[in-house]
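Here's the letter readout for the chains.
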Amino acid sequence: MPEFVRRLRERIAAAAARSGRTAESVTLLAVAKAQPAQLIRAAAAEGVRDFGESYLDEALEKLALLQDLPLTWHFIGRLQANKTRPVAERFAWVHGIDRLRIAQRLSAQRPFHAPALNVCIQVNLAAEAAKGGVSPADLPALARQLAALPRLKLRGLMCIPPQESDPVRQRQWFAQLRRLQEALNAGGADLDTLSMGMSGDFESAILEGATVVRIGTALFGPRGQEPDSDP
Ligand SMILES: *Cc1c(COP(=O)(O)O)cnc(C)c1O
């Protein structure tokens with residue numbers, strides 16, 4: 001396990017160097033869905049601090065088991081309106097916001113003593129029916145609405161582009177997300193986070209400016225059974 005973290009960090013650092021950035025400018029978000037709490041503990045012992053979960057019930061169980069560790073939890077799954085409260089209470093980040101209604105609930109339910117909840121808007125770049133995310137056309141309006149919610153901090157954009165094996169094509173999707181963020185910032189937004197890149201394409205994402213890479217299998221190996229009722 002330690003070896004895995006080290007090797008992955010080396011790949012991240014090499015890609016960052018190729019894009020003229022420091023390794024520290026890219027956050028490794030370790031995606032621990034369908035992985036046991038002991039594996040999170042082992043990664044934390046190697047200095048990994050940010051962990052991503054997609055399935056709420058499973059996540060809450062693991063958060064309880066790992067309360068003693070100073071970890072930052074990111075919710076990266078699809079969020080149903082009736083399940084926002086535990087996310088608003090227990091997580092520091094939500095990647096994958098694509099509806100105002102969910103954002104309004106998270107803002108209303110964020111405890112007053114906690115810092116604002118960091119959120120990223122998910123953009124569905126290829127208009128894939130099976131994936132969440134707003135269309136690029138609807139992005140500016142949603143970004144404006146989210147920026148007005150008092151207990152959320154809109155940090156940036158997130159995407160899960162079509163799987164491509166060709167790095168050139170991978171980079172085209174990530175470049176699109178970067179340009180959408182640049183356009184929002186040119187219009188007065190103050191976004192600093194591009195959550196893009198997974199096990200199969202994170203190097204391409206870093207070359208296009210990713211600040212957070214969400215990596216599961218390339219770090220932890222194959223996942224166990226994933227629940228299909230809570231996708
Ligand atoms: C599962 C998941 C990941 C990690 O996928 P890997 O291919 O295992 O790295 C990243 N982001 C999201 C939103 C996921 O659901």
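Here the structure is a predicted model, which is why all the values come from computation and not from measurement.

Visitor: Lay out the pairing of strand β3 (residues 72-75) in plain terms, naming residues and giving numbers.
Guide: Remember that side chains alternate between the two faces of the sheet whenever the strand is regular. Note that strand β2 (residues 50-53) and β3 share four bridges and pair parallel. Paired with G52 across the two strands is H74, which belongs to β3. Bridge analysis of β3 against strand β4 (residues 93-97) gives two bridges, and the strand direction is parallel. Looking at β4, one finds that H74 is bridged to W93.

Visitor: Give me unusual backbone geometry: which residues, what numbers.
Guide: Unusually for a residue other than glycine, A34 sits at a positive phi of about 60°. Checked against the element boundaries, A34 lands in the loop between β1 (27-31) and α2 (37-45). In this structure A34 comes out as buried when scored by relative accessible area, which is 12%. Backbone geometry at A127 places phi at a positive 50°, although glycine is not the residue there.

Visitor: Go over the side chain of Q181 with me, naming the residues and quoting the values.
Guide: Here Q181 shows up in helix α7 (residues 167-186). Its relative accessible area of 6% is what places Q181 among the buried residues. Of note is the side chain of Q181, whose polar atom sits 3.2 Å from the backbone oxygen of T193. With residues up to four places along the chain from it excluded, the contact list for Q181 reads G156, L157, L191, D192, T193 and L194.

Conventions adopted
- Residues numbered from 1 in each chain as written.
- Predicted model: local features only at pLDDT ≥ 70, side-chain atom pairs only at ≥ 80, totals over all residues.
- Heavy atoms only, no water.
- Pairing = 2+ DSSP bridges.
- Helix = DSSP H or I, 4+ residues; strand = E, 2+ residues; numbered from the N terminus.
- Buried < 20%, exposed > 50% of the residue type's maximum accessible area, 1.4 Å probe, protein only.
- Polar contact = N/O pair within 3.5 Å; in protein donor to acceptor, adjacent residues only side chain to side chain.
- Contact = heavy atoms within 4.5 Å.

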